[in-house]
Amino acid sequence: LKVGGSNNSIALSLRALGPNLDDGGSSPDMHSGIATLAVQQAETYVDAALTFEAGPEEVRIWNGRDEDHKMEKDGFELCNVSLPQEEVDWYDPPAVAATLYPMAEKALLDLMPGSNKVIVFDHIARNAGRVEQEMREAGLTQELSSEEDAANGLKTQLLAVPGRLVHGDYTARSGDTRTRELLAPCESAERIEAAMQGRVALVNVWVPLCPVLRDPLALAEWQTCRPEDVIRVKRIHPHRTGEIYHGLRAAERQRWVYFPGMEPGEVLVFKTYDSAEDRPRFVIHSAFVDPSSPPSAPARESIELRCIVFFSEVPEDFGAQFVPPHLDPSSPDHDLTAPKVEKSEAMPEW
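Residues numbered from 1 in each chain as written. Predicted model: local features only at pLDDT ≥ 70, side-chain atom pairs only at ≥ 80, totals over all residues. Heavy atoms only, no water.

Student: Outline helix α5 (residues 172–183), supporting the account with residue identities and numerical values.
Tutor: Residues of α5 that are buried include every one of Ser174, Gly175, Arg178, Thr179, Leu182 and Leu183, and no others. Across the axial projection of α5, the buried residues extend over an arc of 155 degrees, all falling on one side. Taken together, the buried residues of α5 touch β6 (117–126), α6 (189–196), β9 (200–208), β12 (241–247), β14 (266–274) and β16 (302–310). (Buried < 20%, exposed > 50% of the residue type's maximum accessible area, 1.4 Å probe, protein only. Helix = DSSP H or I, 4+ residues; strand = E, 2+ residues; numbered from the N terminus. Arc of directions from axis to C-beta. Contact = heavy atoms within 4.5 Å.)

What follows is the structure, given as structure tokens:
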């Protein structure tokens, strides 16, 4: 690390660095206190070398705590929610579906004007400490990606490390096709087509399970990004083809934001696809190594919930029989064979 510049800005690499997993034996109350202190002492910005497709490049990541970011202006928003009071096993997918999925549905209906229906279709839990422990127990040494963890021997389903590559979860093409694929098992082609004629968005609800003292999330404001900043990356599975954006390069016009010291009860909501072209459509994002993290900071524990939001009028029973693929034993999505990857050139359109 090197220290310098105004506001004690710090330059660091966000490439695949191993996290410090020592929790120092400290208590959750101590972690919460440290998180509060982190917010109070956070710098105006940090300078960080985010990992893009073209290589690491230094960008400035601004503290968004005192700014007014909104979904329909920037593509993301920091919100407050009520988490379940009862004890929940956050690494048990049915338990997460029973508790956090309804919370996310309500939060999005309240946050996004004009929304009429929300379906939570997936989630992933991030905990580098748990991943490392399960890798040791399974005798694994290779680095695991979020979509391949289970196939490579981790016993916990839907578990991954924080993602330190600048990316967007869907593209203009795959946001539409993935929504149709998800609905196909439970709805007729006619009802799906009618619903897709209106505005549809895919939205992530990013939920910290304990104070975030390591690997916070950085997000790029929509209005500062351009299509030439990304490339399309196809992930070709045996049963379907997905497509995501990889951040190609940094640009001086890009403005990156993070929210230091997030606590349980705070959530980051951000778009990964919006069919409406007159507003923010995608938010590219990445986890990064926070230089202010104390040496004893525990691994980040968070869950991101992936949701479909419909804005047109849909039948009251639309999607009533939907079962998330990871909870449906017959779903072909359980085939986690490593996909074939194809990369495109940068394009002038999203």
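Student: So what about the sheet that holds β9? Which residues, and what values?
Tutor: By way of backbone hydrogen bonds, the strands of a sheet pair with one another, either parallel or antiparallel. Read across the open sheet, the six strands follow the order β5-β14-β9-β16-β6-β7; overall the sheet is mixed. On the outer flanks of this sheet lie β5 (76–80) and β7 (159–160), each paired with one strand and no other. Sheet topology places β6 next to β7; two bridges connect them, and they run parallel. Its bridge partner being in β7, Ala125 is matched across the sheet by Leu159. Against the sheet, helix α3 (residues 93–111) touches β5, β6, β9, β14 and β16, its axis set at about 130 degrees to β6. (Pairing = 2+ DSSP bridges. Axes fitted to C-alpha atoms, helices over the stretch in contact; angles between N-to-C directions.)

Student: Go over the confidence of the model for the protein with me, naming the residues and quoting the values.
Tutor: For the protein, mean pLDDT is 88; residues scoring 70 or higher make up 85% of the total. Within the model, the stretch residues 1–26 combines pLDDT values under 50 with 64 contacts to residues more than four positions away or in other chains. (pLDDT = per-residue confidence, 0-100.)

Student: Quick one: what's the story with α3, residue by residue and with numbers?
Tutor: Taking 1.5 Å per residue as the helical rise, α3 with its 19 residues ought to reach 27 Å, and the 25 Å between its terminal C-alpha atoms agrees with that figure. Among the residues making up α3, those that are buried are Pro93, Ala95, Val96, Ala97, Thr99, Leu100, Tyr101, Met103, Ala104, Ala107, Leu108 and Leu111. Of the surrounding secondary structure, the elements contacted by the buried residues of α3 are α2 (71–74), β5, β6, β9, β14 and β16. (Expected span 1.5 Å × (residues − 1).)

Student: Describe the environment of Trp222, with residues and values.
Tutor: Within the fold, Trp222 resides in the loop between β10 (217–220) and β11 (230–236). Residues Trp222 and Arg281 lie 59 residues apart in sequence; the distance between their C-alpha atoms is 7.6 Å. Setting aside its immediate chain neighbours within four residues, Trp222 contacts Asp74, Arg279, Pro280, Arg281, Phe282 and Trp350.

Student: Tell me about the packing of α5 against α6, residues and numbers included.
Tutor: Closest axis-to-axis distance for the α5/α6 pair is 10 Å, and the angle between their directions is 145 degrees. Between α5 and α6 lies a crossing whose hand is right-handed. Packed against α5, whose contacting residues are Asp176, Thr179, Arg180 and Leu183, the element α6 presents Ile192, Glu193 and Met196 at the interface. Taken together, the residues that form the contact of α5 with α6 break down as three nonpolar, one polar and three charged. (Left-handed = near helix turned anticlockwise from the far one by under 90°. Nonpolar A, V, L, I, M, F, W, Y, C, P; charged D, E, K, R; others polar.)

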